[in-house]
Amino acid sequence: MDSKQIVELVNKYWNAETSVDEEQQLREYFTHQKVDDSLKEIAALFQYFQNQKNKSLNDLSFDNKVINKLEKPPRSRVMQLVYNSMRIAAGVAVLMVAVWFVRNEIRKTTPQEIVDTYDDPQKAFEETKQALLMISKSFGKVQKEAQHINIFNEVQQQVKSGEMKPNEDDTTKQL
């Protein structure tokens, strides 16, 4: 193969457009033949792939270590009980800590309960009495205004029903 064909195959290889046969041709070229200086870096890559493919683990001690790790002796019933109990205890502890944090966050975001402002019950009673008196005075004024509205509504109903003519009754003069 000439280097022009190899360059074309390499470009196809980098674009993932080569077939299995073309990749095999590249492997053979870069591992068994003399390579141009412009393609030495690519040759090193293919030679690395070939070396890794040929490697194997012949070390028996490694195999024995892996097998020993995989074949753990079974735990006794007591050890299984202790292990499972520790797992449950850890889960409960995590749950309790989470509840504590959530509870603290809720306490921070909710308003505080209303606290008594007076230590002396007699003073609290006097203040309450004053507030209720103020409300009752205001309620009395509102009640008088509501009577005027009631009179207006009664007269309006009488006019609509035709029972009285406008300006006949003295109640309209009161308004």
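Residues numbered from 1 in each chain as written. Predicted model: local features only at pLDDT ≥ 70, side-chain atom pairs only at ≥ 80, totals over all residues. Heavy atoms only, no water.

> Just to check I follow, could you spell out the overall build of the chain for this structure?
Looking only at helices and strands, the chain has seven helices and zero strands in total. Each helix and strand of the chain, ordered N terminal to C terminal, gives the series α-α-α-α-α-α-α. For the chain, buried positions account for 9% of its 175 residues. Summing over all exposed atoms, the chain offers an accessible surface of approximately 16000 Å²; the carbon and sulfur share of this is 57%. (Helix = DSSP H or I, 4+ residues; strand = E, 2+ residues; numbered from the N terminus. Buried < 20%, exposed > 50% of the residue type's maximum accessible area, 1.4 Å probe, protein only. Areas by Shrake-Rupley, 256 points an atom, 1.4 Å probe, with all protein chains shown as cover.)

> Is there a simple way to think about the nonpolar core in this case?
Across soluble globular proteins, nonpolar side chains have a tendency to be buried as a group. Judged by nonpolar contacts, Ile-6, Leu-9, Val-10, Leu-26, Tyr-29, Phe-30, Val-35, Leu-39, Ile-42, Ala-43 and Phe-46 together constitute the single largest core of 11 residues. In this structure, Ala-43 is in contact with Phe-30 and Val-35, ignoring residues within four places of it in sequence. (Core = buried A, V, L, I, M, F, W, Y, C linked by side-chain atoms within 4.5 Å. Contact = heavy atoms within 4.5 Å.)

> Can you help me understand the packing of aromatic side chains in this one?
When we look at a pair of aromatic rings, we describe it by the centre distance and by the angle of the planes. Within this structure, the stated rule accounts for seven aromatic pairs. A ring pair is formed by Tyr-29 and Phe-30, whose centres lie 5.3 Å apart and whose planes are at 75 degrees; its orientation type is edge-to-face. Classification of Tyr-29 by relative accessible area gives buried; the value is 6%. Ring geometry for Phe-46 versus Phe-49: centroids 6.3 Å apart, planes at 80 degrees, classification edge-to-face. Of this pair, Phe-46 and Phe-49 both sit in helix 3 (residues 40-54), three residues apart, which is roughly one turn of the helix. Residue Phe-46 is classed as buried on the basis of its relative accessible area of 3%. Judged by relative accessible area, Phe-49 falls into the partly exposed class, the value being 40%. An aromatic cluster is built from Tyr-13, Trp-14, Tyr-29, Phe-30, Phe-46, Tyr-48 and Phe-49, whose rings are joined through pairwise contacts. (Phe/Tyr/Trp six-rings, centres within 6.5 Å; stacked < 30°, edge-to-face > 60°.)

> Mind showing me how you'd approach the side chain of Glu-22 here?
In this fold, Glu-22 is placed in helix 2 (residues 20-32). For Glu-22, a relative accessible area of 19% corresponds to the buried category. Polar side-chain contacts of Glu-22 include one of 2.9 Å to the side chain of Lys-12. Sequence-distant contacts of Glu-22, that is, excluding residues within four places in its chain, are made with Leu-9, Lys-12 and Glu-17. (Polar contact = N/O pair within 3.5 Å; in protein donor to acceptor, adjacent residues only side chain to side chain.)

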